[in-house]
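These are the residues of each chain, in order.
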Amino acid sequence: MATGNATVCGVIGNPVGHSLSPLMHNEIARALGLDYIYVPCPVEENAVGDAIRGAYALGFTGLNVTVPHKQRVIPFLAETDGAVRCIGACNTLVRLPEVGAQGDMRRASSGQEDNKSIGYKGYNTDVEGLFRAMSGQDMKIFGRDCLLIGAGGAARAAAYLLVREGAASVTVLNRSLDRAEALTEDMRKMAAEMNRADCGLKLQALLPDRWNQLPGDSYLAIQCTSVGMYPHVDEAPIEDAKFYQKISQAVDIVYTPSQTRFMKYAEAAGSRVCGGLDMLIFQGVAALELWNPGVKVPQEVVERIRAIMEERLHE
Ligand code: ATR
């Protein structure tokens, strides 16, 4: 139960009514007995700066940011994490400590704030969420030949993780080849930014229907398109069952349904699979841990939260 001293956080987006984050964060707070509360905050496209300034003035410790504001928030932040700069999207804001009379906080609270000095640092916990979800299934990236299916916003966080964790090669499969090529080019820049430019990462872009040009038979595949998402549950980005024989581990970031057609194909071909609900849960857990220093959400609480969220998704 939150007291008058509670750590207050929330989610901004438009809409936010469907968001599972308030349920997840408040359940974790209850399970761990944290003095912490998380609220949904619908914010119009033209009010993002006002919302961040308002949250700062109201003493919010942090905010999650969801569609369509993940890029839009960036100019309003005092600082950004390297991952945010590489990916170009931010899903978590963390209030910076007060920095004194000459610092940003003072300007922010004296009414002279500009867009760059609002007092939050931006992170991208989608990366950490994907990393923890995959680690939980014993899926390792280092030295692996990987397939990244999709080249939109969600794929960028996965792309960053694949570069960071030392994939040997990444083939981006996307319906629009130009977007796949643009993402491989950006991954080269990410590698340079992370001082990994000389680590030998091989990158290529490919149309999905050219999958039979792939030479390997044991890829780690991460599905980052919206294909297969409810209500289009009978769709997969590649329908040929033979494609899935080339995969040994498969991740889908879609979580509605919890078992996508992509995952079913991959499982039928003998792959280990990881669904999007774990990524969703762990991006939230990572944010909660940033906002509540010293808190580490134990695995049994994660399991309980997953059961609650699955139940909600099936309602
Ligand atoms: P998000 O931020 O959720 O990733 P996005 O940036 O619009 O959203 O990207 C959506 C991704 O899903 C893209 O890779 C898109 O392919 P295109 O780049 O060719 O548009 C892919 N996608 C969406 N609908 C698709 C469909 N019906 N078939 C194949 N790919 C699809």
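From a predicted model like this one, the values you see are computed outputs, not experimental measurements.

Reading guide: rules and limits
Residues numbered from 1 in each chain as written. Predicted model: local features only at pLDDT ≥ 70, side-chain atom pairs only at ≥ 80, totals over all residues. Heavy atoms only, no water. Near = heavy atom within 4 Å. Areas by Shrake-Rupley, 256 points an atom, 1.4 Å probe, with all protein chains shown as cover. Nonpolar A, V, L, I, M, F, W, Y, C, P; charged D, E, K, R; others polar. Disulfide = S-S within 2.5 Å. Buried < 20%, exposed > 50% of the residue type's maximum accessible area, 1.4 Å probe, protein only. Axes fitted to C-alpha atoms, helices over the stretch in contact; angles between N-to-C directions. Helix = DSSP H or I, 4+ residues; strand = E, 2+ residues; numbered from the N terminus. Parallel < 35°, antiparallel > 145°, perpendicular 65-115°, else oblique. Left-handed = near helix turned anticlockwise from the far one by under 90°. Contact = heavy atoms within 4.5 Å. Domains from an automatic or database assignment. Buried area = accessible area lost by both parts, 1.4 Å probe. Salt bridge = Lys/Arg side-chain N within 4 Å of Asp/Glu carboxyl O. Polar contact = N/O pair within 3.5 Å; in protein donor to acceptor, adjacent residues only side chain to side chain. Phe/Tyr/Trp six-rings, centres within 6.5 Å; stacked < 30°, edge-to-face > 60°. Lys NZ or Arg CZ within 6 Å of the ring centre and 35° of its normal.

## Comments concerning the site of the ligand
Taken together, Gly 150, Ala 151, Gly 152, Gly 153, Ala 154, Asn 174, Arg 175, Ser 176, Arg 179, Thr 225, Ser 226 and Val 227 are the residues near the ligand. Contact with the protein chains covers 63% of the free accessible surface of the ligand, which is 640 Å². Of the residues in the shell around the ligand, the class split is three nonpolar, seven polar and two charged.

## A word on the state of the cysteines
All chains considered together, the criterion is met by zero disulfides. Between Cys 9, a free cysteine, and Cys 41, which holds the nearest cysteine sulfur, the sulfur-to-sulfur gap is 10 Å. Residue classification places Cys 9 among the buried positions, given a relative accessible area of 0%. The buried category is assigned to Cys 41, whose relative accessible area is 18%.

## Structural notes on the packing of helix α9 (residues 276-291) against helix α10 (residues 299-314)
The relative placement of two packed helices comes down to the angle between their axes together with the axis-to-axis distance. Viewed as axis vectors pointing N to C, α9 and α10 meet at an angle of 125 degrees, and their least axial separation amounts to 11 Å. By the angle between their directions, the pair α9 and α10 is classed as oblique. Relative to α10, α9 is oriented so that their crossing is right-handed. Contact with α9, carried on its side by Leu 277, Asp 278, Leu 280, Ile 281, Phe 282 and Val 285, involves Gln 299, Val 302, Ile 305, Arg 306, Met 309, Glu 310 and Leu 313 of α10 and no other residues of that element. Residue composition of the contact of α9 with α10, grouped by class: nine nonpolar, one polar and three charged.

## What to know about the domain arrangement of the protein chain
The domain boundaries assigned to the protein chain delineate domain 1 (7-123 + 279-313) and domain 2 (128-274). Averaged C-alpha coordinates put domain 1 and domain 2 at centres separated by 27 Å. Listed by partner, the interface residues are 15 residues for domain 1 and 14 residues for domain 2. For the domain 1 and domain 2 pair, buried surface summed over both sides reaches about 1300 Å², with 73% attributable to carbon and sulfur atoms. Among the residues of domain 1 in contact with domain 2, Cys 86, Ile 87 and Met 279 are the three that bury the most area, contributing 47% of the side total. Linking domain 1 to domain 2 there are one salt bridge. At the surface where domain 1 touches domain 2, the tally comes to three residue pairs in polar contact (both at pLDDT 80 or more). Elements supplying a minimum of two residues to the side of domain 1 that touches domain 2: α3 (82-87), α9 and α10.

## Details of the side chain of Ser 19
Position of Ser 19 relative to the elements: it lies in the loop between β1 (7-13) and α1 (21-32). Only 3.1 Å separates the side chain of Ser 19 from the backbone nitrogen of Ser 21, close enough to count as a polar contact.

## A short note on the packing of aromatic side chains
Summed over the entire model, instances satisfying the criterion amount to six aromatic pairs. Ring centres 5.9 Å apart and planes at 70 degrees place the aromatic pair Trp 211 and Phe 243 in the edge-to-face group. Highlighted residues: Trp 211 in the loop between β9 (202-206) and β10 (219-223) and Phe 243 in the loop between β10 and β11 (247-252), separated in sequence by 32 residues. Residue class for Trp 211 comes out buried when judged on its relative accessible area of 12%. When the ring centre of Tyr 56 is taken as origin, the NZ or CZ atom of Arg 95, which lies over that ring, is 3.9 Å away. Stacked on the ring of Phe 131, the Lys or Arg Arg 164 has its end atom at 5.2 Å from the ring centre.

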